[in-house]
Amino acid sequence: MRDVIVVGGGPVGILLACLLAERGLDVEVFERRTEPSMLSRAIGIHPPSMGVLRQAGVAEEVLARAVRIETGSVQSGGHTLGRLSFAQTTGLFPFVVALPQHETEAVLRARFGRLRPHGLRSGVGVGMLHDRGGHVDVSAELGLVAETGVDASGPEGGAAPPVLGSARYVVVADGAHGRLRDAVGIASRPLGGGDTYLMADYPDAGEHGTEAVLFFERGGVVESFPLPDGRRRWVALTSTLMTDASIDDLSALVRERTGVLLPFSDAAPASFSVRQRLASTMVQGRMVLVGDAAHEISPIGGQGMNLGWLDAVALAPALAHALAQPTEAGVTLAGYDRRRRRSARMAARQAGFNMAMGRPARGLRLRLRNGAVRLLAQPPLNGLLARAFTMRWL
Ligand SMILES: Cc1cc2nc3c(=O)[nH]c(=O)nc-3n(C[C@H](O)[C@H](O)[C@H](O)COP(=O)(O)OP(=O)(O)OC[C@H]3O[C@@H](n4cnc5c(N)ncnc54)[C@H](O)[C@@H]3O)c2cc1C
């Protein structure tokens, strides 16, 4: 009987496991994958998250690999509308850190490996959770033949899926496409979305240094962020989901809207359609949701992973308290649920604002938008905007 089993070894599940292990709790992670995902996803790590990574003992290593973004600028029609300095945000980390998600995950996995050498069970997919009142049993996915030799062939194959383990609490960190939230009967509702984008990483031509640049153009937004190792990410709003687009299509789109001629890249672009969702509760009995399993937030504004980490740093002490003081568990976890869903709603609203600002605009609408951006880039509003973009209020 473990204290906690975490289902899902993505950035949120592993960070939570590190924080729990550091508190001396007996924690195990079940992860379906046998190899890390190399998909292009999160790059931006905001100052509050750096504080969390520091608690987990990995801030220095992440900083050593990453690029520090100290300023962001907004451009339109070849003019700079405004510039935002993240240095005005107080605290130990007055900048946004850029590191590809798979590298951040590797740092976190290595840290968890040092804290709990056999704590991560890869190649183990979880099919169902059974809350037994005093503990939760975790059973394997149907049809799974894990590297561990587990054969869960299911009803047709005879035996029911075997129990993989049991714990006082189970944390569901299986991501936006995970099935456990629905399987245990927790509803979720959409919070808007639908916009589509195309993105790819290119060699960095160097003209923007380490600045993040948003091009608010007539045809729609183009965003550009520095990455480590002399690379830069370019993201463009598209009118439809361009699943078959080539790197040349993205380069042409960027050139047409901004005039920027991107260098050759052999990267395959990724297209994505924004979905935002929020679970109706993050706690059900002894089962708790974190990260994308609880709230899916638009990548525009770069908040999803950061929001999940802020869940994790709130959940670790809440779980430790619930285990130590079982009579207070209900109240403690209800507080986690209330606070973290409130933060998720704020993040979804902010992402909705970011997406709306980046939609195509002409004539009066374009002039109004550009005027609003100029205003927001002046003191004192620029301080508030910098706080919003660095997730200070989440
Ligand atoms: C294009 C794009 C750009 C983004 N940019 C940013 C950004 O700049 N900043 C930011 O903060 N966020 C960003 N995000 C969001 C970020 O990628 C996610 O919020 C983050 O990955 C969520 O982490 P997670 O651990 O909750 O879920 P995931 O990363 O999805 O991890 C879930 C894990 O659970 C495992 N799993 C699933 N089901 C099971 C099961 N049944 N049994 C066992 N294991 C299971 C999966 O294999 C996976 O490893 C971006 C997303 C996209 C798509």
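Predicted model, so just to flag it, every value in this text is computed and none were measured.

When we look at burial in helix 2 (residues 47-55), the residues that qualify are P47, P48, S49, M50, V52 and L53. Buried positions along helix 2 lie against strand 3 (44-45), helix 3 (59-65), strand 7 (96-98) and helix 8 (304-324). G57 lies just past helix 2 and shows a positive phi near 80°.

So, on to the sheet that holds strand 4 (residues 67-69). Reading across from one edge, 3-7-4 is the order of the three strands in this open sheet, with antiparallel pairing throughout. Two strands in the sheet have a free side with no partner beyond their single neighbour: strand 3 and strand 4. Relative to strand 7, strand 3 is paired through two bridges, and the arrangement is antiparallel. Each bridged residue has a counterpart across the sheet, and for I45 the counterpart in strand 7 is V97.

The next subject is the domain arrangement of the chain. Domain boundaries assigned for the chain yield domain 1 (2-43 + 101-187 + 280-353) and domain 2 (70-91 + 195-274 + 357-389). The C-alpha centroid of domain 2 is placed 33 Å from the C-alpha centroid of domain 1. At the interface, seven residues of domain 1 touch eleven residues of domain 2.

For the ligand, the set of nearby residues contains 35 residues, the closest of which are G8, G10, G175, G291 and G304. Looking at the shell around the ligand, the elements with two or more residues in it are helix 1 (11-22), strand 2 (27-31) and helix 8. A per-element tally of the shell around the ligand places helix 8 first, with four residues. Per-class residue counts for the shell around the ligand are 14 nonpolar, 15 polar and six charged.

Moving on, we come to the sheet that holds strand 18 (residues 270-279). The sheet built from eight strands is open, its strands ordered 6-5-15-16-17-14-18-21 with mixed pairing. In this open sheet, the two edge strands, each paired with only one partner strand, are strand 6 (79-85) and strand 21 (295-296). Note that strand 15 (residues 212-217) and strand 16 (residues 220-227) share five bridges and pair antiparallel. Within strand 16, the residue paired with F215 across the bridge is V222.

So, about helix 8. Its 21 residues give helix 8 an end-to-end C-alpha distance of 30 Å, which sits within 8% of 30 Å, the value for a rise of 1.5 Å per residue. Roughly 25° is the biggest bend found in helix 8, and it falls at L315, with proline P317 one to four residues downstream.

For the rest of this paragraph, the subject is the packing of helix 2 against helix 8. At a closest axis distance of 9 Å, the pairing of helix 2 and helix 8 adopts a crossing angle of 50°. In terms of orientation, helix 2 lies oblique with respect to helix 8. Seen from above, helix 2 lies across helix 8 with left-handed handedness. Every residue of helix 8 that contacts helix 2 at P48, S49, V52 and Q55 is listed here: N306, W309, L310 and V313.

What follows concerns the pairing of strand 16. Here strand 16 lies mainly inside the structure; six of its eight residues are buried. Joining the antiparallel neighbours strand 15 and strand 16 is a turn of two residues. As paired strands, strand 16 and strand 17 (residues 231-238) are joined by six bridges and run antiparallel to one another. Among the inter-strand pairings, S224 is bridged to a residue of strand 17, identified as W234. Once strand 16 ends, the chain turns through three residues before running back antiparallel as strand 17, passing D229 with a positive phi of about 60°.

Moving on, we get to the packing of helix 8 against helix 9 (residues 329-357). Where helix 8 contacts helix 9, the two axes come as close as 9 Å, and the packing angle between them is 175°. Taken as axis vectors, helix 8 and helix 9 run roughly antiparallel relative to one another. Residues L307, L310, D311, A314, L315, A318, H321 and A322 of helix 8 lie in contact with helix 9, whose contacting residues are A329, T332, L333, Y336, R339, R340, S343, A344 and A347. A class-by-class count of the residues in the contact of helix 8 with helix 9 yields eleven nonpolar, three polar and three charged.

In terms of nonpolar packing, the biggest core is built from 108 residues, with L16, V170 and V290 touching the most fellow members. The residues that make up this core include at least three from each of domain 1 (2-43 + 101-187 + 280-353) and domain 2 (70-91 + 195-274 + 357-389). Among all residues touching V170, those that are not within four sequence positions of it are I5, V7, L129, V136, V138, R286 and M287.

Keep in mind that most residues, glycine aside, have a negative phi and that most peptide bonds are trans. With a phi angle near 60°, D229 is a residue other than glycine that sits in the positive phi range. Inspection of the secondary structure puts D229 in the loop between strand 16 and strand 17.

The buried fraction of strand 15 is high, at six of six residues. With burial as the criterion, each face of strand 15 is covered, one bearing A212, L214 and F216 and the other bearing V213, F215 and E217. In this sheet, strand 15 lies alongside strand 5 (residues 71-76) in parallel orientation, the contact comprising four bridges. Directly across from S73, in strand 15, lies its bridge partner V213.

Reading guide: rules and limits
One numbering rule holds for all chains: residues counted from 1, following each sequence as written. Restriction of local features to residues with pLDDT of at least 70 applies here, the model being predicted, together with a cutoff of 80 or more for giving and counting side-chain atom pairs; totals for whole chains, interfaces and linings are based on all residues. Residues with at least 20 other C-beta atoms within 10 Å of their own are called buried, those with 12 or fewer are called exposed, and the rest are partly exposed. The C-beta atoms themselves are positioned from the backbone. Strands here are runs of E lasting at least two residues and helices are runs of H or I lasting at least four, both read from the DSSP assignment and numbered beginning at the N terminus. What counts as a contact here is a pair of residues whose C-beta atoms, placed from the backbone, lie within 7 Å. Should DSSP find at least two bridges between two strands, the strands are taken to pair. How far each domain reaches was decided by an automatic or database domain assignment. A residue counts as near a molecule or strand when its C-beta atom, positioned from the backbone, falls within 6 Å of it. Think of it as three bins: nonpolar holds Ala, Val, Leu, Ile, Met, Phe, Trp, Tyr, Cys and Pro, charged holds Asp, Glu, Lys and Arg, and polar takes everything else, Gly as well. Each helix should span, by expectation, one fewer than its residue count multiplied by 1.5 Å. In this scheme, the bend at a residue equals the angle between the axes fitted to the seven residues that finish there and the seven that begin there. Lines fitted to the C-alpha atoms define the axes, with helices restricted to the stretch that makes contact. Angles between their N-to-C directions range from 0 to 180 degrees. Should an angle lie under 35 degrees it is considered roughly parallel, over 145 roughly antiparallel, and from 65 to 115 roughly perpendicular; all remaining angles are considered oblique. For any helix crossing, the convention is left-handed if the near helix is rotated counterclockwise from the far helix by under a right angle, and right-handed if that rotation is clockwise. Buried Ala, Val, Leu, Ile, Met, Phe, Trp, Tyr and Cys residues whose C-beta atoms connect them within 7 Å together make up a nonpolar core.

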